Structure formats: C-alpha cells, structure tokens
Amino acid sequence: MLAALAGEARARPPFWLMRQAGRYLPEYRELRAKAGSFLDLCYNPDFAVEVTLQPLRRYGMDAAILFSDILVVPHALGQPLAYLEGEGPKLDPIRKTEELSRLSRERFHEVLAPVYETLRRLTTAIPAETTLIGFAGAPWTIACYMVEGGGSKEYAHVKRWAYGDPEGFARLIDLLVEVTADYLCAQIEAGAETVQLFDSWAGVLPIGQFRRWVIEPTRRIVAAVKARHPDTPIIGFPRGAGHAYEDYVADSGVDAVGLDTTVSPLWAARNLQTRLPVQGNLDPIMLATGGKALTDATAEILESFAARPFVFNLGHGVIQTTPPEHVADLARQLRRWPDLG
C-alpha cells in the first residue's frame, strides 16, 4: 500500500475497506458486548487491538486501520459524548462562539493516550507487510457533529453559524485544525505509517464554503503534519464533493484521495488519478448484495484504475448487514486480479 501511495502502479492493487472492523463480523459483536460502551471499546487497547486484527485474520487486507472513532477528538476536548443504541453519537451541542469556552486542550493527549497505546501495540501485532493506518475526522465534519449534537439531515445549525458568523465559527475550525494536526502527528509517532482525514460531510457545502471550510483547513493540517513528518502519506476523503474533488486535489495538499460511491471511475481516472493516487470506490451496498453484481462492479473499478497508482476500497464504510462471506468473495477476486482466467 505504501508503494501505491508513493506513486507506483501495481498489477494487483492493494486493498483495505473503510469500517472493515465492525458490526458485520460476529466476533466484533461478541467483543463489543464484553466492552460495555462503544467508547470503552475504543479506549481499551486490549479490545481495540483485537478488533483491528479481526478482519486481517479473515481476509488478509493490505492495511490495518486503527480501531477508534472520529469523535474522540471533541470528547478529548471536553465535549460530553455518548453512543446510544440505535441512535448513534450524541454530543452536548456547541452553537455559538461564547460556548467555545467549554472546550479545553489541557487533557487532550491524556484522554487519547489509549489510542496511541493501541497503535504502538499494533506495530508488532500486524504482519510486517501490512500497512498501519491512523486517522482523524476533518475539521468541517467534526464541527458538524459538535454543533448539531449528532448526525443531521440538513446541517442547519452548523451552516447558520458558518454563514452568519464566519469569524466566530472560524475559531472552532482553527482549534480543530490545531488539535487534529497534533493528533495525527502523535499517531504517526506511535507507529501509523499513513493517515486518512475523513471529511464525511464535505458534500453538504456549496463550492465557496467548501473552499473555506473543507479545502483550507485540510491544507493547513497537511502542512502542519508534513512539517513534522514529511515522508508520511496523507489520504483525504471529502465524501460527496462531486466535481469539487478537482479543487480539493489541486489545493489541499493531500498525497492521495479517497473517492465516494458517486464518483465515476472513468472520470476520476482522467481528472484525478493523473495527479495523484486514488482510493475507492465500490458501493458498500454492492458488497452487501454480493454475487455477479459485486464481481462485475469490482472488475469495472479495477479496469478503470489499472494504469496508475490505486488502492481498492469502498466509497464509504462496510454496512452492518454485509454477509462476511461477501467480503471473502471480494478479497479472493482482488487477489486473483488480473489473472482471472
């Protein structure tokens, strides 16, 4: 995987899957029940290492991604966070500049120490040829959760703050830029060989706002991380960016870009892959469907990106209802490529 990220095209591209460790695996569900809460699972290195290893044992991906969650960052800043069964994450929302005083960097790395310990253990627990990936949420996406208090359909609260009081909102983004860069550097120092920035809600912004709240914060994080770790590749994933992917690739400074499900592989091969390695972008529902549909869609992606550096992945995370045997089928097809007979 590191060779692909460095710009080498491989006959068989490396692969890993976003959310490759998770609820679709029975062994994960068993460990999740033992852990108590989801945060206990993330903050217990024994559990987090085991969960990270589970898909490697089954499928032998070329990369292991740290098992954690993007919302440990606001949690480490002091924003109360809980994961409610069937409802997802819930945070005490912050919706105006004066409420930023509720956040503090004082215990940031102390709270996240178990995450760094998990990475240190994984450096020896995973196979030597397997790349260890660290990650964080990008500032815009983390701000969405912090302001909305959880998931959202319209992102009305966060957009009203960003549009109506951009100077005040920028204070939150500036804080997130600084702590996210520090967090990623600490992950690299603990053993991560590459890192990914997840901007899951990048696509909800119009282009001018996208530049201000997605591209520019990402550029600043990349610059800060590269100043300390110039040889560590950074993957950006601006989900839903559409044709703004071109601006993101040109101006964010990332070394590789993850493509969401909606991006045409042929368009991306012409307009993005000529500039940098790309990663993606099988529909997770296709993986859950399996059979000929999965085989054909996978082959189309592989053929589209074969000529240049590429990492096979999904266009979003593995969904809970995915049969584990479908992931095994995908892994077999990827390993046989291009010698399918």
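Rules used throughout
- Residues numbered from 1 in each chain as written.
- Predicted model: local features only at pLDDT ≥ 70, side-chain atom pairs only at ≥ 80, totals over all residues.
- Heavy atoms only, no water.
- 1 Å grid on protein atoms, 1.4 Å probe; cavity = no way out; pocket = protein on both sides within 12 Å on 5 of 7 lines; lining within 4 Å.
- Points joined across faces, edges and corners; volume = space filled by probe spheres on them.
- Helix = DSSP H or I, 4+ residues; strand = E, 2+ residues; numbered from the N terminus.
- Contact = heavy atoms within 4.5 Å.
- Nonpolar A, V, L, I, M, F, W, Y, C, P; charged D, E, K, R; others polar.
- Phe/Tyr/Trp six-rings, centres within 6.5 Å; stacked < 30°, edge-to-face > 60°.
- Buried < 20%, exposed > 50% of the residue type's maximum accessible area, 1.4 Å probe, protein only.
- Pairing = 2+ DSSP bridges.
- Polar contact = N/O pair within 3.5 Å; in protein donor to acceptor, adjacent residues only side chain to side chain.
- Core = buried A, V, L, I, M, F, W, Y, C linked by side-chain atoms within 4.5 Å.
- Axes fitted to C-alpha atoms, helices over the stretch in contact; angles between N-to-C directions.
- Parallel < 35°, antiparallel > 145°, perpendicular 65-115°, else oblique.
- Left-handed = near helix turned anticlockwise from the far one by under 90°.
- Salt bridge = Lys/Arg side-chain N within 4 Å of Asp/Glu carboxyl O.
- Arc of directions from axis to C-beta.

A look at the layout of surface pockets
- What the largest pocket holds in volume is close to 1,400 Å³.
- Listed by contribution, the elements that provide at least two residues to the lining of the largest pocket are helix 2 (26-35), strand 2 (81-84) and strand 3 (88-91).

Here we look at the environment of Val115
- Here Val115 shows up in helix 7 (residues 113-125).
- Taking the C-alpha atoms as reference points, Val115 and Leu103, separated by 12 residues in sequence, lie 20 Å from one another.
- What Val115 contacts, discounting residues up to four positions off in sequence, is Tyr43, Leu66, Ser68 and Tyr183.

Some details on empty space enclosed by the protein
- A complete count under the given rule lists 1 cavity of 30 Å³ or more for this structure.
- Considered as a void within the structure, the largest cavity measures approximately 60 Å³ in volume.
- Lining the largest cavity are Ala9, Arg10, Ala11, Pro13, Leu302, Phe305, Ala306, Arg308, Phe310 and Trp337.
- Of the residues assigned to the lining of the largest cavity, the class counts are 8 nonpolar, no polar and 2 charged.

Here's the deal with the packing of aromatic side chains
- Counting across every chain of the model gives 14 aromatic pairs.
- Taking 5.6 Å as the distance between ring centres and 80 degrees as the angle between the ring planes, the aromatic pair formed by Phe135 and Phe198 counts as edge-to-face. Here Phe135, found in strand 4 (residues 131-137), pairs with Phe198, found in strand 5 (residues 194-199); they are 63 residues apart in sequence, far enough to count as distant.
- Owing to a relative accessible area of 7%, Phe135 belongs among the buried residues under this scheme.
- Linked through ring pairs, Tyr28, Phe38, Phe67 and Tyr83 together constitute an aromatic cluster.

Points about the pairing of strand 9 (residues 310-314)
- Burial analysis of strand 9 places 5 of its 5 residues in the buried class, which makes it a mostly covered element.
- Neither face of strand 9 is exposed, since Phe310, Phe312 and Leu314 on one face and Val311 and Asn313 on the opposite face are all buried.
- Pairing analysis gives 5 bridges linking strand 8 (residues 278-282) to strand 9, with the strands arranged parallel. From the neighbouring strand, Val278 faces strand 9, where its bridge partner is Phe310.

Notes on the pairing of strand 3
- When strand 2 meets strand 3, the two strands line up antiparallel, connected through 4 bridges. Counted as the bridge partner of Leu81 is Leu91 from strand 3.
- Hairpin geometry of strand 2 and strand 3 is characterised by an intervening segment of 3 residues between the two adjacent antiparallel strands and by a positive phi of about 80 degrees at Gly86.

Things to note about the side chain of Asn313
- If you trace the backbone, Asn313 turns up in strand 9.
- Of the polar contacts made by the side chain of Asn313, one reaches the backbone nitrogen of Met18; its length is 2.9 Å.

Quick notes on the nonpolar core
- Phe169 and Leu172 are the most contacted members of the largest nonpolar core, which has 131 residues in total.
- At 15 residues, helix 10 (residues 166-190) tops the list of elements feeding residues into this core.

Describing the packing of helix 8 (residues 139-148) against helix 10
- Where helix 8 contacts helix 10, the two axes come as close as 10 Å, and the packing angle between them is 120 degrees. Classified by the angle between their axes, helix 8 and helix 10 sit oblique to one another. As helix 8 runs across helix 10, the sense of the crossing is right-handed. Along the contact surface, helix 8 presents Pro139, Trp140, Ile142, Ala143, Met146 and Val147, while helix 10 presents Phe169, Leu172, Ile173, Leu176 and Val177.
- A class-by-class count of the residues in the contact of helix 8 with helix 10 yields 11 nonpolar, no polar and no charged.

Describing the pattern of salt bridges
- Enumeration over the complete set of coordinates arrives at 20 salt bridges.
- One salt bridge connects Arg105 with Asp182, and the closest N-O pair in it is separated by 3.1 Å. Residue Arg105 is found in the loop between strand 3 and helix 6 (108-111), and its partner Asp182 is found in helix 10; the two are separated by 77 residues along the sequence.
- Take Asp182: its relative accessible area is 23%, and that puts it in the partly exposed class.

Focus: helix 9 (residues 156-164)
- Every buried residue of helix 9 is accounted for by Val158, Lys159, Trp161 and Ala162. Burial along helix 9 is one-sided: seen end-on, the buried residues are contained in an arc of 160 degrees. Opposite its buried face, helix 9 presents the exposed residues Arg160 and Gly164, each directed more than 90 degrees away.

Overview of unusual backbone geometry
- For the bond from Gly280 to Asn281, the omega torsion is -20 degrees, close enough to zero to count as cis.
- Here Asn281 shows up in strand 8.
- The linkage connecting Trp337 with the following residue, Pro338, adopts the cis geometry, with an omega of 0 degrees.
- With respect to the element layout, Pro338 can be found in the segment after helix 16 (324-336).
- Residue Arg19 is not a glycine yet carries a positive backbone phi of 60 degrees.
- Along the polypeptide, Arg19 turns up in the loop between helix 1 (2-5) and helix 2.
- The partly exposed category is assigned to Arg19, whose relative accessible area is 46%.
- The backbone of Tyr155 sits at a positive phi, close to 55 degrees, despite the residue not being glycine.
- Relative to the assigned elements, Tyr155 resides in the loop between helix 8 and helix 9.

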